[in-house]
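# Structural description and commentary
If you want the building blocks of each chain, they are given just below.
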Amino acid sequence: MKRTLIVFLFTIVACLGIQVPSWASVFTPPSYEYDFKEDFNSDRALDAYDVISPDQTIYITDEGTLRFDDYRYHQWFSFDKALLGDTESYGVEFRVNIKQMGNGGDATRPIIMISPRSRDDDFKNQYAITYHLENLEMGKIIANLYYCKWSIVNTNAPSGMEPLVEGYYLLEEGVDYTGRFSIEDLPDKTVKIEFFIDGPTSPLKAYEPLLSYVDDTPNRIIQGVKGPSFGSVGFDDDLWGENPIVEYDDIKIYNIEKFKLRTEALKSYAHTFIFESELGERYDQVRHMINQRYLLTTLEGHLNLDEKAKVSDLLFSLKALDMGNYEGVYAQYKTYESAFLTKEIASEMLYIYHNRPEVKEAYKQIPQDIKVYSDAMHYAYQNGYLSINRNRNFIPNMILRRSDYIDLISKLSNPSLRIPNGEVATPDIIGNNAVLQRDREIELWGTGMSGDLITVQLKENETEFESTAEKIVSDGKWKITLPKKSAGGPYTLTIKDSGKEIVYKEIYIGEVFIIAGQSNAEMRLNETQNWNTQFVEQLEAQDNIRFFYNKHLIAVNPLENAGGKWYYPDQWGLEVSPAIGTYFANELVKLNEELKTVKIGIIRLTYGGASIENFIPPEGVPKSFVQRPDAPIMSGFWNGFMAYVAPYKIKGLIYYQGENSTQLKYSYEPLLRNYINGVRMAFQDSELPILLVQISGYGDNYYETDSDTWPIIRAIQMRTAKTLKNIGLITSIDLSAEDPYEIHPKHKWPLGKRLAQLAMQEIYNTNELLSPEAILIRLLDHVYTIEFKNVGDGLVKVHDSEHAFEILNESNHWVGATFKVMPDGKTIEVWNDNVLNPLGVRYDWRNYPDSVIFNSSDLPLLPFNSVISLKYVNLDALETNTFKLKISNHMLETFDAIENVTRGGIFRSIERIDANLVYQPFYIYGQSTGDLIKSYKYKGRINSESGTTSTLIKISGHNLKVGDWVRNNSKAWSTRKVIEVIDANTIRVDAVENQSAGDEIEIYKYFKTYTAE
């Protein structure tokens, strides 16, 4: 009531033309009233705390954060329980920042693990709040599509690390998030745990706990032996796993009652109204800062972005942030609160706030108008808080507008927004032993100090400079282009700025290819059938290949580096090399005489067992796609270890993927095209040659039907190659493993040879004999005559097969057919004497095909199906329309249901088409991209019980909630939403005429909310 009256009075004052004061002049910053705080900025040694970190991978960074670095096993940092006083109930507030997620995990290996209470010193029996990667379950398919989940667990209970409750809030790398948790012993002897999370990427609109759990079981932990503890768990696999890197900071411990008061304050802050239209893309960041009360609006909800900021504004925010030496700042500037905030004053305030850290002397000459001894302004500039202009002027007396001030607070609270100023650096794709693409302009890029001059020199020896270029760093980044060069080397590449010189040696100009895809692209040379030590020694002696390997990481946003390095073709480098890439390079040199003296660079960008969504660059993701917090991370592996490699100039890309995308069926096609378009945009080459490897055989064959999914992926690969420019394809259907359930065939040398032949045709413009391919199909009487190209000296049948060729009969069943290679060597006749009116013919259209036709160069015939076009695809049929919904990884099955909220809450049962598409037998008028969709899981049928009326349904132990749905199959299949749960056996719905006991009721429970794509 008081607040409403104040708003009313100030609104009248504003209408009378009297200046309305900012919130800062009416209200004070938030009062935290915590009992203890650790900001890791003091001189206190880490060994003052209880630390479990055998390899000393927990440490305090130069920026004053607690870092859990790359480590395989459990790490813990614990506060002394004495800080809690004589109570077991308390609350904690902290900041957390994920620098690296790793590349896998599950509930037992969380990225973040926070223990409010443990019964023992080694955390075997504890409550824990966890954040972990979880693999999407897709039946038999392991797609390595990871989403992130928050959970509360009790390892003192039989459930162990299994979630007791779970929630979804996605953390992005490099961003500070504010986490809070409390644990409270309630009067009834139960234990209550709550967890809150908020941040600038997804600010809360209402401040409520993400997780809340009350433990009333015999396994509840009444008393702990440690104070609050913070941890992380690595991925315990030397060869495959990559570990997370996490930082914690500003950990505050509260008495439980004070924590509750702080929670109520945060709830009120989250209700603060602001005009979203004033902020545009900055809305989420500002919304979070207002949620935390780092900023205040005017009484009407404005931020007055064009007004001049004052010292009082920054004083308010620094106190509210509570991250530094506010007392020191206030002591010096309390008498200047009404003064306008200049860049010089803001710099001095930040410098004091951060306890006057050192600045880099070598870069002090860059700003033209800052005195050498003015460390505060140098600090603000060097650390990316405040910028210089194009003339390298800082302009100390410039008064900051409130818009500038808000940007400054944003950078203080969210380090990912700071200008990445620092010593000159390059991504790790540029380094010793690198191969740069010949006959293309050489692009080099990296980070540096804004306004500094970067000089690049490429020289063949110590005295001759082959190329040199310079560039001024802008917003912490630089990019330099050197003239194109023919093959040669070794060169020395020198990159320097005002304070640092980087020298990379053994640089060559040659041909660069990327090997991309999943495990069959990644398979190591020493795992293949054709590998032997003599071959490795031969390649080592030739010394014409260089390999680039980096870490396999997953990320929400593109990372700047992934621990990569160029390697020589020594024994280790060769044995772990991607086999198809090594065989390809070796065979390419045999086919192309010109390349015998040219270094070939092979960049491995692969991840085993991964579906295509992981690899699509953000540039290729449709604009309609919305990343849900409970959904797999789109572009996860591209962001983690592939994005930063672009725009490295390359000759071509080999893509071998699809085995773990078969669940997508025809939805694979737009994704493959999105991948190709996205890669070409990322590498800034609209005609980049891409060579596809058609997947080999695997699994059971479902004869007479179209149930096999692997042929669909192969058809899509062929159609994509036929309909997009500079896309080539080879097949591996004849190289399947002898065991149909072995997904990793060892025959990789033939693939390397075929890829080399394909590259000669697609990239080097020679005429090569590739796999035979059907070009004309004619039906006369009941016999199909099929003509082929690429037959060489003629087609050869290697053995008979009952199901290699099949004919579609009048009943729409595929049946085995007889076939004969004709004397001309380029046509085949196919028939079945029992099918007089055939409807179609196909070859090797199976999960695990039997290849029987080859050309004279021993290349297998490509599969074909006369009823499926390889020249035309209707992609619109794979989008949302009145009968279909496109929702990436919807996780729905046939008989589940959806509710289109946008179209008036219409409820429909669905049929699953594939992992991204569902079909509604009854249309929804106007349904389209962008519609808000709620989904419901079908839970079966049950008969209503005695006491059921037109509005009440009696079902013992129904387990329904408000918002779930039921369908009365006995009364015209009437669907109704649950509007009230009366008790465990009774629900209320809108009236269904004549509804009564004994009616058959279908139950649908709420599952997820989506946006139609």
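Residues numbered from 1 in each chain as written. Predicted model: local features only at pLDDT ≥ 70, side-chain atom pairs only at ≥ 80, totals over all residues. Heavy atoms only, no water.

## Points about the UniProt feature "domain: Sialate O-acetylesterase" (unreviewed entry) in the chain
For clarity, the cut-off: UniProt positions are given in the numbering used here, feature names are shortened, and annotations may be inferred rather than shown by experiment. Each helix corresponds to a stretch of at least 4 residues labelled H or I by DSSP, and each strand to a stretch of at least 2 residues labelled E; elements are numbered beginning at the N terminus.
The UniProt record annotates "domain: Sialate O-acetylesterase" (unreviewed entry) at residues 511-760. Structurally, residues 511-760 comprises 32% helix and 15% strand, and the distance from its first C-alpha atom to its last is 13 Å.

## A short note on a nonpolar patch on the surface
Let me state the cut-off plainly: Candidates for patches are residues over 30% relative accessible area with no salt bridge; among them, like charges are joined within 9 Å and nonpolar side chains (Val, Leu, Ile, Met, Phe, Trp, Tyr) within 5 Å. The protein chains shown are the only cover counted for residues, whose accessible areas, like all others here, come from Shrake-Rupley with a 1.4 Å probe. Whenever Lys or Arg places a side-chain nitrogen within 4 Å of a carboxyl oxygen from Asp or Glu, that contact is recorded as a salt bridge. Exposure is judged per residue with a 1.4 Å probe applied to protein chains only, and the accessible area is read against the type maximum: over 50% gives exposed, under 20% gives buried, and values in between give partly exposed.
On the surface, Phe-883, Tyr-923 and Tyr-925 cluster together to form a nonpolar patch covering roughly 380 Å² of accessible area. Using a relative accessible area of 31% as the deciding quantity, one classes Phe-883 as partly exposed.

## Quick notes on the layout of surface pockets
Convention followed: Put simply, the grid is 1 Å and covers the protein atoms alone, a cavity is a trapped set of points that fit a 1.4 Å probe, a pocket is an open set with protein on both sides within 12 Å along at least five of seven lines, and lining residues have an atom within 4 Å of a point. Grid points are joined across faces, edges and corners, and a volume is the space filled by probe spheres set on the points. Residues are grouped as follows: Ala, Val, Leu, Ile, Met, Phe, Trp, Tyr, Cys and Pro are nonpolar; Asp, Glu, Lys and Arg are charged; every other residue, Gly included, is polar.
Counted as a void, the second largest pocket has a volume near 1,700 Å³. In terms of lining, the second largest pocket is formed by 48 residues, of which the most central are Tyr-168, Gln-627, Arg-628, Pro-629 and Asp-630. For the lining of the second largest pocket, the secondary-structure elements that each account for two or more residues are β8 (126-138), β9 (141-154), β10 (160-167) and β50 (1000-1011). If you tally residues by element for the lining of the second largest pocket, the top one is β50, at six residues. Along the lines of polarity and charge, the residues of the lining of the second largest pocket split into 26 nonpolar, 11 polar and 11 charged.

## Topic: the sheet that holds strand β30 (residues 783-789)
Going by this rule: Whether two strands pair comes down to DSSP finding at least two bridges between them. Note on method: axes are straight lines fitted to C-alpha atoms, helices fitted across the in-contact stretch only, with angles between N-to-C directions ranging 0 to 180 degrees.
The strand order across the open sheet built from four strands is β29-β30-β35-β34, with neighbouring strands paired in antiparallel fashion. Of all the strands in the sheet, just β29 (773-780) and β34 (818-821) have a single pairing partner and so form its edges. Averaged over all neighbouring strand pairs, the angle between strand axes comes to 20 degrees, with direction disregarded. The pairing of β30 with strand β35 (residues 827-831) spans four bridges and is classified as antiparallel. Paired with Tyr-784 across the two strands is Val-830, which belongs to β35.

## Some remarks on the packing of helix α4 (residues 311-321) against helix α5 (residues 326-333)
Two quantities define a packed helix pair, namely the angle between the helix axes and the distance between the axes. What counts, and what does not: Each angle is binned into one of four classes, with values under 35 degrees roughly parallel, values over 145 roughly antiparallel, values of 65 to 115 roughly perpendicular, and all other values oblique. Left-handed describes a crossing whose near helix is turned anticlockwise from the far helix through less than a right angle; right-handed describes the clockwise counterpart. Note on contacts: a residue pair qualifies if any of its non-hydrogen atoms lie within 4.5 Å across the two residues.
α5 packs onto α4 with a crossing angle of 160 degrees between their chain directions and a minimal axis gap of 10 Å. The angle between α4 and α5 falls in the class roughly antiparallel. Like other packed secondary-structure pairs, α4 and α5 cross with a definite hand, here left-handed. Contacts between α4 and α5 involve Val-311, Leu-315, Leu-318 and Lys-319 from the first element and Tyr-326, Val-329, Tyr-330 and Tyr-333 from the second. Partitioned by chemical class, the residues of the contact of α4 with α5 number seven nonpolar, no polar and one charged.

## Structural notes on the environment of Pro-244
Residue placement: Pro-244 occurs in the loop between β14 (229-232) and β15 (245-255). With relative accessibility at 5%, the residue Pro-244 sits in the buried group. Discounting residues that sit within four places of it in the chain, Pro-244 has contacts with Phe-68, Asp-69, Asp-70, Gln-100, Met-101, Gly-102, Ile-111, Ser-232, Val-233 and Gly-234.

## Side note on the pairing of β15
Burial runs high along β15: 10 of the 11 residues are buried. Here strand β1 (residues 36-38) pairs with β15 via three bridges, running antiparallel. Its bridge partner being in β15, Lys-37 is matched across the sheet by Lys-252. Note: strand β4 (residues 66-68) against β15, three bridges, orientation antiparallel.

## Examining the packing of helix α12 (residues 579-591) against helix α16 (residues 749-762)
The interhelical angle for the contact between α12 and α16, taken along N-to-C directions, is 50 degrees, at an axis separation of 7 Å. Judged by the inter-axis angle, α12 sits oblique to α16. In this structure, the crossing between α12 and α16 has a hand that is right-handed. Contact with α12, carried on its side by Ile-580, Tyr-583, Phe-584, Glu-587, Leu-588 and Leu-591, involves Trp-749, Leu-751, Gly-752, Lys-753, Leu-755, Ala-756, Gln-757, Ala-759 and Met-760 of α16 and no other residues of that element. Across the contact of α12 with α16, the residue classes break down as 11 nonpolar, two polar and two charged.

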